[in-house]
Amino acid sequence: MPARHKTRHLFWPPRFPPPGFFGEVPLMSSPAFPDRVFSGVQPTGTLTLGNYLGAIRRFADYQDRYECLYCVVDMHAITLWQDPAELHANTLGVTAAYLAAGLDPEKNIIFNQSQVPQHAELAWVFNCVTRIGWLNRMTQFKEKAGKHRENASAGLYVYPSLMAADILVYRATHVPVGDDQKQHLELARDIAQKFNHDYGDIIRERTNQDEFFPQPEPLIEGPAMRVMSLRDATKKMSKSDPSDMSRINMDDDADTIAQKIRKAKTDPEPLPGEEAGFEGRPEAENLIGIYAALAQEPKLAVVDRYAGAQFSEFKKELTELAVTTLAPVSDELRRLKADPGYLEGVLKSGAEKAAGLAEPVMRETKAIVGFVGARS
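Okay, so let's go over this structure. Everything numeric here is computed off the predicted structure, so don't read it as measured data.

### Considerations on the overall build of the protein
Looking only at helices and strands, the protein has 15 helices and 5 strands in total. Counting only contacts in the protein whose residues sit at least 6 apart along the sequence, the fraction spanning at least 24 positions is 77%. On the protein, roughly 17500 Å² of surface is accessible, and the fraction owed to carbon and sulfur atoms is 52%.

Here is the structure:
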């Protein structure tokens, strides 16, 4: 298990963590940085089964063990243009999804990013720490900007600096991550390390510590669940796919969930009895993976159980499991979305708690940097 790094880089940019760094990492306490978990979800459309299995359901597992902050990252959302009415509705929708999945606003801090101004303040400081070469390596910008990079927003380009600020304004030590965010977490570590290096003398003078910001570590428990499209299992299940039949939405009712699974693309062969048998059969592997994730069983156990079964038989079992597992969540999600006043209250209360943690960190950051009026 890798320990939290304290070594400073002598040359910049620093190297990213070595291969294998993103394995299973338990929380490791530090006197300077008590264990704190941070994560966020963008409010850009209806959340899918992939969002639920890959992230949101896991969040509820942490709330009785760790101090957790769960953010609706609406400032990240506007790096691409959003209809204001839809952004407002989607922000409440993600909040409802958090609650429907079992997050307790009394145990967790649940808030939206734009209500805590310290995110933006720290992001600017980090923009001045982050090197252009680091940002040029970010693959997500290249993917989202595509061939029209010159027309992309500056916000999309410096998105990773804001993500680092989201985490470090709370001095969070651990972040649940998926494959598409690993590179950004690596960058957050590099930003923290460079800030600590650049301002090392003043940090030691003011805090008697070698570091002001921790280098956040990935929080991964068990295999990461990557849910693929029900219509084309070579592509990730996405809320932006034009076909609603390609995904299960978190607010789909029981009949809709059943219909989508029945019509999910398959192949004519029986289900294989070993993992090697999934080669060239992405739809079979995807549906088996969804079953295993919903049942919270090892994938190999499901493969053994249904070895040689026809898809018609397996889909009946998967449909029953999906409806039993997801329908209560979707029912609660729809109920919560019908009460926007309650959801806005949850976000406001959470933002006040979040700001209470972020404000002293931002105030000390300003003092370390040398801003007039910040030092005490």
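### Looking at the side chain of Thr79
Inspection of the secondary structure puts Thr79 in the loop between helix H2 (74–77) and helix H3 (84–100). Using a relative accessible area of 11% as the deciding quantity, one classes Thr79 as buried. Polar contacts involving the side chain of Thr79 include one to the main-chain carbonyl oxygen of His76, which spans 2.7 Å. Setting aside residues no more than four positions away along its own chain, Thr79 makes contact with Ser153, Gly155, Leu156 and Tyr159.

### Describing the pairing of strand E1 (residues 36–41)
Buried residues dominate E1, accounting for 5 of its 6 residues. Bridge analysis of E1 against strand E2 (residues 67–72) gives 6 bridges, and the strand direction is parallel. Considered in E2, the bridge of Ser39 is made with Tyr70. In this fold, the crossover linking E1 to E2 by way of helix H1 (residues 49–62) has right-handed handedness.

### With respect to the packing of aromatic side chains
Scanning the entire structure with this criterion turns up 15 aromatic pairs. Centroid distance Phe111 to Tyr170: 5.9 Å. Interplanar angle 70 degrees. Geometry classified as edge-to-face. Here Phe111 is found in strand E3 (residues 109–112), whereas its partner Tyr170 is found in the loop between helix H8 (159–168) and strand E4 (174–175), with 59 residues between them in sequence. By relative accessible area, which is 0% here, Phe111 ends up buried. On the numbers, 4.9 Å between centres and 40 degrees between planes, the contact of Phe195 with Tyr199 is tilted. Residue classification places Phe195 among the buried positions, given a relative accessible area of 0%. When its relative accessible area of 24% is taken as the criterion, Tyr199 is described as partly exposed. Each residue in the set Phe126, Phe195, Tyr199, Phe212 and Phe213 is aromatic and connected to the rest through ring pairs, giving one cluster. Positioned above the aromatic ring of Phe212, the side-chain terminus of Arg171 is 4.8 Å from the ring centre. Above the ring of Phe278, the side-chain terminus of Lys299 is found at 5.5 Å from the ring centroid.

### Things to note about unusual backbone geometry
Of note in the backbone geometry, Asn208 takes a positive phi value of approximately 60 degrees without being a glycine. Along the chain, the position of Asn208 falls in the loop between helix H10 (200–207) and strand E5 (217–218). On the accessibility criterion, Asn208 (70% relative accessible area) is exposed. The backbone of Gln296 shows a phi angle near 55 degrees, a positive value even though the residue is not glycine. Tracing the chain through its elements places Gln296 in the loop between helix H12 (282–295) and helix H13 (299–306).

### Notes on the pattern of salt bridges
Counted under the stated rule, the structure contains 17 salt bridges. Note that Glu67 is salt-bridged to Arg36, the shortest N-O span being 3.2 Å. One end of the pair, Glu67, is in strand E2; the other, Arg36, is in strand E1, and 31 residues separate them in sequence. Relative accessible area serves as the criterion here: at 17%, Arg36 is assigned to the buried category. For the salt bridge of Glu332 with Arg335, the shortest nitrogen-to-oxygen distance reads 2.8 Å. Taken together, the residues Glu332 and Arg335, both in helix H14 (residues 311–337) and 3 residues apart, mark about one turn of the helix. Through salt bridges with shared partners, a single network forms among Asp244, Arg247, Asp252 and Lys260.

### Quick notes on helix H15 (residues 340–369)
Given a rise of 1.5 Å per residue, 30 residues ought to cover 44 Å, and the 40 Å separating the end C-alpha atoms of H15 matches this to within 8%. Residue Gly370 follows H15 closely and has a positive phi angle near 110 degrees.

### Some thoughts on a positive patch on the surface
A contiguous patch of positive charge, built from Arg231, Arg262, Lys263 and Lys265, is present on the exposed surface. On the secondary structure map, Lys265 appears in the loop between helix H11 (254–262) and H12. For Lys265, a relative accessible area of 41% gives the class partly exposed.

### A look at the nonpolar core
Residues Leu49, Ile56, Tyr98, Leu294 and Phe314 are the most contacted members of the largest nonpolar core, which totals 59 residues. For this core, the element with the highest residue contribution is H14, accounting for 9 residues. Apart from the residues within four sequence positions on either side, Leu49 is in contact with Gly54, Val227, Met237, Ile248, Ile290, Leu294 and Leu326. Counting 46 residues, the second-largest nonpolar core is a separate cluster that includes Phe38, Phe126, Tyr157 and Ile167.

### Quick notes on the packing of H1 against H12
Relative orientation of the contacting elements H1 and H12 amounts to 40 degrees, with a least axis distance of 11 Å. One way to sum up the angle between H1 and H12 is to call them oblique. Crossing handedness for the pair H1 and H12: left-handed. Residue-level contacts link Leu49, Leu53 and Arg57 of H1 to Ile290, Ala293 and Leu294 of H12.

Analysis parameters
- Residues numbered from 1 in each chain as written.
- Predicted model: local features only at pLDDT ≥ 70, side-chain atom pairs only at ≥ 80, totals over all residues.
- Heavy atoms only, no water.
- Helix = DSSP H or I, 4+ residues; strand = E, 2+ residues; numbered from the N terminus.
- Contact = heavy atoms within 4.5 Å.
- Areas by Shrake-Rupley, 256 points an atom, 1.4 Å probe, with all protein chains shown as cover.
- Buried < 20%, exposed > 50% of the residue type's maximum accessible area, 1.4 Å probe, protein only.
- Polar contact = N/O pair within 3.5 Å; in protein donor to acceptor, adjacent residues only side chain to side chain.
- Pairing = 2+ DSSP bridges.
- Right-handed = clockwise from strand over helix to strand, strands pointing away.
- Phe/Tyr/Trp six-rings, centres within 6.5 Å; stacked < 30°, edge-to-face > 60°.
- Lys NZ or Arg CZ within 6 Å of the ring centre and 35° of its normal.
- Salt bridge = Lys/Arg side-chain N within 4 Å of Asp/Glu carboxyl O.
- Expected span 1.5 Å × (residues − 1).
- Patch = residues over 30% accessible without salt bridge, like charges linked within 9 Å, V, L, I, M, F, W, Y side chains within 5 Å.
- Lys, Arg positive; Asp, Glu negative; His and termini not counted.
- Charge placed at Lys NZ, Arg CZ, Asp CG, Glu CD.
- Core = buried A, V, L, I, M, F, W, Y, C linked by side-chain atoms within 4.5 Å.
- Axes fitted to C-alpha atoms, helices over the stretch in contact; angles between N-to-C directions.
- Parallel < 35°, antiparallel > 145°, perpendicular 65-115°, else oblique.
- Left-handed = near helix turned anticlockwise from the far one by under 90°.

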